[in-house]
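# A closer look at the structure
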2 protein chains.
Amino acid sequence: MNIQYRVLSLLRENGPLSRAQLADRLEVPRPRLLSELDRMVAAGRVSEAGPAASRGGRRSTLVQLDPGLRFAAVDLGASSVDIEITDGTLTPVASCSEPADIRSGPVAVLGRISALLRAMADQGHYTRLDAIGIGLPGPVSFRDGIPVSPPIMVGWNRFPVRDTLARAHDCPVVVDNDVNVMSLGERHSGVARTVDHLLFVKIGSGIGSGMQHHGRIYRGAEGCAGDIGHIQVEAETDGPLCSCGNTGCLEAYFGGAALARDATEAARSGQSPALAERLAERGVLTALDVAECASGGDSASVGLVRAGGHRVGQVLATLVNFMNPSMIVIGGGLTGLGYPLLAEIRSVVYKRSLPLATGNLPIVMSELGPRAGVVGAAFLASELAYGEEV
Amino acid sequence: MNIQYRVLSLLRENGPLSRAQLADRLEVPRPRLLSELDRMVAAGRVSEAGPAASRGGRRSTLVQLDPGLRFAAVDLGASSVDIEITDGTLTPVASCSEPADIRSGPVAVLGRISALLRAMADQGHYTRLDAIGIGLPGPVSFRDGIPVSPPIMVGWNRFPVRDTLARAHDCPVVVDNDVNVMSLGERHSGVARTVDHLLFVKIGSGIGSGMQHHGRIYRGAEGCAGDIGHIQVEAETDGPLCSCGNTGCLEAYFGGAALARDATEAARSGQSPALAERLAERGVLTALDVAECASGGDSASVGLVRAGGHRVGQVLATLVNFMNPSMIVIGGGLTGLGYPLLAEIRSVVYKRSLPLATGNLPIVMSELGPRAGVVGAAFLASELAYGEEV
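Please read all numbers here as calculations on a predicted model, not as lab measurements. (Residues numbered from 1 in each chain as written. Chains lettered and ligands numbered in written order. Predicted model: local features only at pLDDT ≥ 70, side-chain atom pairs only at ≥ 80, totals over all residues. Heavy atoms only, no water.)

### Some words on the overall build of chain A
Heads up, the rule is: The way it works is that DSSP assigns letters per residue, a run of H or I at least four long becomes a helix, a run of E at least two long becomes a strand, and they are numbered from the N terminus. With the radius of gyration taken over C-alpha atoms, the globule rule is written as 2.2 Å times the number of residues to the power 0.38. Relative accessibility decides the category of a residue: with a 1.4 Å probe and only protein chains considered, values under 20% of the type maximum give buried, values over 50% give exposed, and everything between is partly exposed.
Secondary structure summary: chain A contains 14 helices and 15 strands in total. Compactness check: chain A gives a C-alpha radius of gyration of 23 Å against a globular reference of 21 Å for 390 residues, within 12% of the reference. Along the first, second and third principal axes, the C-alpha set of chain A runs to 80 × 50 × 40 Å. Burial analysis of chain A (390 residues in total) assigns 56% to the buried set.

### Quick word on the pattern of salt bridges
Residues and elements named next belong to chain A. The condition is simple: Salt bridges, as used here, are contacts in which a Lys or Arg side-chain nitrogen is within 4 Å of a carboxyl oxygen on Asp or Glu.
In the structure shown here, the tally under the stated rule is 34 salt bridges over all chains. Residues Arg278 and Glu292 are paired through a salt bridge, measuring 2.8 Å at the closest nitrogen-oxygen approach. Taken together, the residues Arg278 in helix H9 (residues 273-282) and Glu292 in helix H10 (residues 287-295) connect sequence positions 14 residues apart. Relative accessible area serves as the criterion here: at 36%, Glu292 is assigned to the partly exposed category. One network of salt bridges, with partners in common, ties together Arg278, Glu281, Arg282, Asp289 and Glu292.

### Re the sheet that holds strand S4 (residues 71-76) of chain A
All names here are of chain A. Worth spelling out the cut-off: When DSSP finds at least two bridges between two strands, those strands are taken to pair. Where helices are involved, their axes are fitted lines through C-alpha atoms of the stretch in contact, as for all axes, and angles between N-to-C directions lie from 0 to 180°. Any two residues having at least one pair of non-hydrogen atoms within 4.5 Å are treated as being in contact.
Pairing in this open sheet of five strands is mixed, and the strands run S6-S5-S4-S7-S10 from one edge to the other. Looking at the sheet topology across the chains shown, the edges are occupied by strand S6 (92-99) and strand S10 (173-177). Each adjacent strand pair in this sheet contributes to an overall mean axis angle of 15°, direction not counted. Inspection of the sheet shows S4 paired to strand S7 (residues 131-136) by five bridges, in the parallel sense. Looking across to S7, one finds that Ala73 is bridged to Gly133. Here helix H6 (residues 178-189) sits on the sheet in contact with S7 and S10, set at roughly 105° to S10.

### As for the domain arrangement of chain A
The condition is simple: Per the annotation, domain bounds derive from an automatic or database assignment of domains.
One can read the domain layout of chain A as domain 1 (3-65), domain 2 (71-185 + 371-386) and domain 3 (193-366). Between domain 1 of chain A and domain 3 of chain A, the C-alpha centre-to-centre distance is 45 Å.

### Focus on the relation of the copies chain A and chain B
Applied cut-off: All copies are superposed by least squares; the fitting set is the C-alpha atoms of residues with a pLDDT of at least 70 in both.
With an axial shift of 0.0 Å and an RMSD of 0.1 Å, the rotation relating chain A to chain B amounts to 180°. The superposition of one copy onto the other is thereby described by a two-fold rotation axis. When C-alpha distances to the rotation axis are compared across chain A, the minimum falls at Leu319 of chain A, with a value of 3.8 Å. The share of interface residues of chain A whose copies in chain B are also at the interface is 100%, consistent with both copies meeting through the same surface.

Here you go:
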């Protein structure tokens, strides 16, 4: 692994370090390290940060990531966009969020993102960007930086997202699927730090997963690994039609859209007076209504959460036997359903998977919550800028 | 990666090469290569093999793996043991097979394996072994070289298989699960050469799988990744009881034992006159009877093969979405069921998995057949001896 990357990522994780500390941790000959550091100072990536604490002998000088380094992290969802500008250590220096309809197409949406970024430059948050990381709500060809047949991103198929943003902001850009990005965020600074084999599961409007082995995203042969939303959980002839054209898919049973549909049905059929009341008030129900009614004790709402958790648990039980992960992290909007969802998932997995695979397997909620996407996107941007093959 | 390993594995794959060819392929400075080769000649791992074809200038001498290198490859099944002695290029120089009842316990079985190995030494096939590779029909802690709670290996739990064989034969020993070993064989010299993301599925008396990414076995957090036999294919309340104590497991529906059970039922109930005739003749039915009756046109037998293939296909469809492999290879004893089994598996996977994941996905039968185990065990032994971290 190249020394520059190792220096930059050490400074990213640790903050300022002395030359002596760097030489110790990297186990490279000191003269080689010093000449690399000189080159990095000249390139404006690293700068001096005052004297280090004395270790006896001549005082070493601290080095740090150059305070002018800036990354843009973009988390684009189906109906919103979140942006953070961070420094070289991924500490946010500015952020903004606004509604964004993915269906208005790539030109409009990316144009608006670029305008938001420029506004943040005008406010003095950066003069130039060192890299941009962006997560998209659909399958992405990571190598090419384009979405590939994304079901909910009408008009985006094969649009050159990476190259468009790179031209507009004159910096390197990295594009990935939103679930992979969230999983990177959770492993970099959330609950999954240092986990060897991570399975991150997003339950939002759709359902997806991202795997990391020793901190590297596993993408599979065509880059679509982790797409668990269309795993069949009921036989062909049963079950609701899925957006993919099949029936019986996990996503057709659970996830934001399915839950809203089932909640509306429970309200209309009289099974849930609590949901019926909300439906009458607002005309529409969301997963949040189910969460609130469930925690208020509405048995139909509790039933919906449990049934969904049960189905997710069945799929995860299969994947746990197959993959034998070190940790499962559940993220995405439906984590608002809280402990009843987690409890049901755990119960199925712990009951149905191999004892050897579940003996030391934590199944936990995301720690970063809605910030997982931007944190992961900033991390991805920094990996690109610091020279790691992402 | 260390030069010695790279030289040895190149000679293993290619046979004799000149020093010039080695220097070209390894892209290391010639003086460094030559001094490494001298060391390897002195250690008896590499020897000279006459002059190379001239490339102009001074003639280079061919080097080869020392002809005295010997590996023992052991494939231990539930009821049989197969052994091969190979040279350094993994070419067999001798082999033997005999029935072995795994239930007679590790002392008896390993004692018999050691006696067979010594007999092969007495016959002049080797004077000393450079390494032994052995595959066991159950979960293995690869790091410790011991079986861990293996369901069909009564009395073997945590028995020091590696250390016992290493002491008996005074050489390094590597122990792995039989499915991982078969998958290594298939990638080293079978149908899956150079495949990036391989999913190998064994359908024998039980059902298991082994994954390789860029030629390395993926083992998961506890080393039990790939255990797909106990994935639930029917809801809890239905289905036959599995040896693991759960109901509805894939292995309880299909695999050698389940197929024999269902065939006997079909014979007794009058559904299959062909199976009934065989049952009356022999008193017991096996998967082979089903295969033969199916190819003879017996509709009940064809139905059993299709139903089994369908269930395997359902599980694989899920795993394909999740893992997005580059190739699926089906091996193990039940591949004797032939094309109808493969056709059914393909039909379900191609119908149920994501188009992006199946667009370039070959699903093929093992090329090495019953030899996959010994070929993989020899490969594993050579990796250990040549210095690769296996």
